[in-house]
Each structure stands twice: as structure tokens, then as C-alpha cells.
Amino acid sequence: MTGRVIKSTGSWYIVEDETETRYECRIKGKIRMKGLRTTNPVAVGDLVEFEKEPDQPTAVISKVNERFNYILRKSINQSHEVQILASNMDQAILLVTLAQPRTSLGFIDRYLVSAEAFHVPVTLLFNKFDLYSEENLESVREIEQIYIKLGYPVLEVSVLENSGMDDLNATLSNKISLISGHSGVGKSTLINQLIPGLELRTSEISDASEKGIHTTTFAEMFKFPSGGFIIDTPGIRELGIIGIEKEELGHYFREMKALMPKCRFHNCHHMHEPGCAIVEAVETGDIEASRYDTYCSIYLNRDTRV
Ligand code: GDP
Ligand code: ZN
């Protein structure tokens, strides 16, 4: 049988088949994936082959079908290994707030770089619109424009006031969507609103009780009422910038990728080289200074490979 892994505890997996029947599955023997060394052989989102165990309610996963994309993070315990957080998603929705708390542009850019590298399209969802005054709105819209110009879809909502939710619902319906965001942006509140009856804990309640506890968290998929799934990765706010070579970093900044062929040197790092088309574009304002700053900060903090 074929099914999709919708939940993982690390040793047990909930797999749902086409008829929406759910099975508690485990792995028998070794499941190897080509090339990728990960601490978890099976991840949420995976399409798997599985067989029911004789005389038992449980089933066994025998094969993981090829993933068309996946997101990774460094494994907590073994720093050289990576954990697959989720796979086979249609899109990621990054929640952003510019007040209470303010999401930094660097955070947004790093997320976009990882998503480009992982082949996951991103929509930016600006939340807490009820908090912005006329004055604030102007600067919010300026920031939105940076990303709209690059081709990233932007949505505006106030989860609290339930406004702007129609466009969001349309974006999510019949898709598998990863939902991410910096702590406090309203991710749990949003997911609870999108999926009535779920009751994820929001940060006000969970902060005190979770202090000091370092448990391994796994992603979980929830059925979206108008079709599709939402993937939540509790406790994981960023996508790791993993496996990106210094030389290829510029490729994940869309506006840089387009201009790079114009650099004088084909192996230009876009830092101090003469005739660098990227540096020139930053000077003329064609490339946003904040985006270039993020490029430099990732580039300079990086060993040759992470
Ligand atoms: P999470 O850390 O991203 O899961 O954030 P939570 O969902 O726990 O929300 C953090 C705080 O932001 C809570 O106090 C929410 O009530 C609040 N919040 C969520 N959405 C909105 C919104 O649209 N407007 C305002 N003003 N507050 C919001
Ligand atoms: Zn250059």
C-alpha cells in the first residue's frame, strides 16, 4: 500500500492512505536514501510503501518514495548529521510581523535563501495588521515592495481580527503548506483559526511550562478543511542554511542570480572585486541594501560549506 506520513515520533509514524485511513507504522530493517545521510530515515510528508502486519493493527514501512523536495536542520546531537523536517511540500508560508515582535529583514532573507535552495516556493504572510497606524503602514508597504519586486507573493492579515483570511484560505486550499515564523508572530493562533478544533498551544501558555526542556520536535501535518494539509514544525522557526557552498550562495538571491553573468570575473564573490555587477546594483539601488547585507553576513559567517 502507498500512503503519506503525517506524523512522526521518531520511532512510530502515522501513515494515511488514499482512503484517509490511518495506520500506526514502524520501520523494519534499514531504509536507505541515495546520497543523504540523515538521522531520521522517514519524515513527515514522505510517500511510503507499507504493509499491514499479520494479526495486528499496525503496519511496517518498507520503502520511502523519492522526495521532490525536503527541508533539513542540523541534528541536535550529532552535528555532522542532518534531520529531515518535512518533505514533498507545495509551498511555505512565512509569517512576518513588523511590530510585537518585529521580524528582521535578515531573518526573512535567510528563510528565503534556504527555501530557494530546498526548492520550496514561499508566500510572505504579514500579520497583525490591526497594530499598524497610518504611519506604520507606509513602512510596512515599503518592506512588502522589496519582496513583491522579487516575485514573492505577499498577503496581509490580522489573525486577531480575522481579516484578510479569504486570500489566505485560497492560497492554502488543496496544497501542502509548511507554516513558519519567528516566535510570537501568531503562528499557533493562525493554525488554530485555520483548523477549528485543533487547539495548538499558543506561546503565552507554553512558554513557562516548556522552559528548560529540550525535546526533539517533529513536524506534524494537519488536514486543511478545504483540502490539502498544513505542516507545523513546533519550536523550529528557521530553515537551516545547510549544504550551500559559498560560491553558490548568490544563486539563492533571485535578483543577484539574474545579474551575476554581468560581473567581470566569472568566479566573482560579489564582495570587493572590481567590475562586480552586484555591488554596482546595490550602489544604484537596483538591489536592496538590506538584501545585500544579508548576503554578506551569510557569506562572511560561513565556512566553505555548512
Ligand atoms: P507563535 O509564537 O507564532 O505561535 O505566536 P502565538 O500564536 O502564540 O501568538 C503570539 C501573540 O500574538 C498572542 O498573544 C496572540 O494573541 C497575538 N496575536 C496573534 N495574531 C495577532 C494579530 O493579528 N494581531 C495582534 N494584535 N495580535 C496577534
Ligand atoms: Zn560580482
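Refer to the structure presented above.
Source: prediction; values computed, not measured.

Asker: Give me the coordination of the zinc ion (ligand 2): which residues, what numbers.
Answerer: Only C263 (SG), C268 (SG), H270 (ND1) and C276 (SG) from the protein coordinate the zinc ion (ligand 2), and they sit 2.2 to 2.4 Å from it. Every donor counted, the 4 donor atoms about the zinc ion (ligand 2) form angles of 102 to 117° at the centre, which fits tetrahedral coordination. All donors to the zinc ion (ligand 2) come from one chain, and their sequence spacing reads C-x4-C-x1-H-x5-C. The exposure classification of C263 matches that of C268, with both residues buried.

Asker: Before we move on, can you summarise the pattern of salt bridges with the specific residues and values?
Answerer: Note on pairing: side chains with opposite charge can pair once their charged atoms come close. Counting across every chain of the model gives 13 salt bridges. We note a salt bridge from R291 to D109, for which the minimum N-O separation is 2.9 Å. In this pair, R291 is assigned in helix α8 (residues 289-300) and D109 in helix α1 (residues 105-117), connecting sequence segments 182 residues apart. Take R291: its relative accessible area is 1%, and that puts it in the buried class. Taking the relative accessible area as the measure of exposure, D109 reaches 0% and is therefore buried.

Asker: Explain the packing of helix α3 (residues 165-172) against helix α4 (residues 187-194) residue by residue, including any values.
Answerer: Direction vectors running N to C along α3 and α4 enclose 75°, while the axes themselves pass 12 Å from each other. Taken together, the axis directions place α3 and α4 in an arrangement best described as roughly perpendicular. Counting all contacts with α3, which are made through M165, L168, N169 and L172, the residues of α4 involved are L190, Q193 and L194. Along the lines of polarity and charge, the residues of the contact of α3 with α4 split into 5 nonpolar, 2 polar and no charged.

Asker: Could you give an account of the nonpolar core, with specific residues and numbers?
Answerer: By size, the foremost hydrophobic cluster in this structure holds 56 residues, and its most contacted members are I61, I71, V122, L124, F126 and Y147. Top contributing element to this core by residue count: α1, with 6 residues. A domain split of this core shows at least three residues from each of domain 1 (2-64) and domain 2 (70-232). If we ignore the near neighbours within four places in the chain, the residues touching Y147 are L105, I108, D109, L112, L124, Y152, V154 and R291. Among the nonpolar cores identified, the runner-up in size contains 22 residues, and A117, C263, C276 and Y299 belong to it.

Asker: Go over helix α7 (residues 277-284) with me, naming the residues and quoting the values.
Answerer: Inspection of α7 places A277, I278 and A281 among the buried residues, and these make up the whole buried set. Seen end-on, α7 carries its buried residues on one side only, within an arc spanning 100°. Those residues of α7 that are buried lie in contact with α6 (254-259) and α8. After α7 finishes, the residue G285 shows a positive phi value of roughly 90°.

Conventions adopted
- Residues numbered from 1 in each chain as written.
- Chains lettered and ligands numbered in written order.
- Predicted model: local features only at pLDDT ≥ 70, side-chain atom pairs only at ≥ 80, totals over all residues.
- Heavy atoms only, no water.
- Donors = N, O, S within 2.8 Å, 3.2 Å for Na, K, Ca; no water.
- Tetrahedral: all angles 85-135°; square planar, octahedral: opposite > 155°, others 65-115°.
- Buried < 20%, exposed > 50% of the residue type's maximum accessible area, 1.4 Å probe, protein only.
- Salt bridge = Lys/Arg side-chain N within 4 Å of Asp/Glu carboxyl O.
- Helix = DSSP H or I, 4+ residues; strand = E, 2+ residues; numbered from the N terminus.
- Axes fitted to C-alpha atoms, helices over the stretch in contact; angles between N-to-C directions.
- Parallel < 35°, antiparallel > 145°, perpendicular 65-115°, else oblique.
- Contact = heavy atoms within 4.5 Å.
- Nonpolar A, V, L, I, M, F, W, Y, C, P; charged D, E, K, R; others polar.
- Core = buried A, V, L, I, M, F, W, Y, C linked by side-chain atoms within 4.5 Å.
- Domains from an automatic or database assignment.
- Arc of directions from axis to C-beta.

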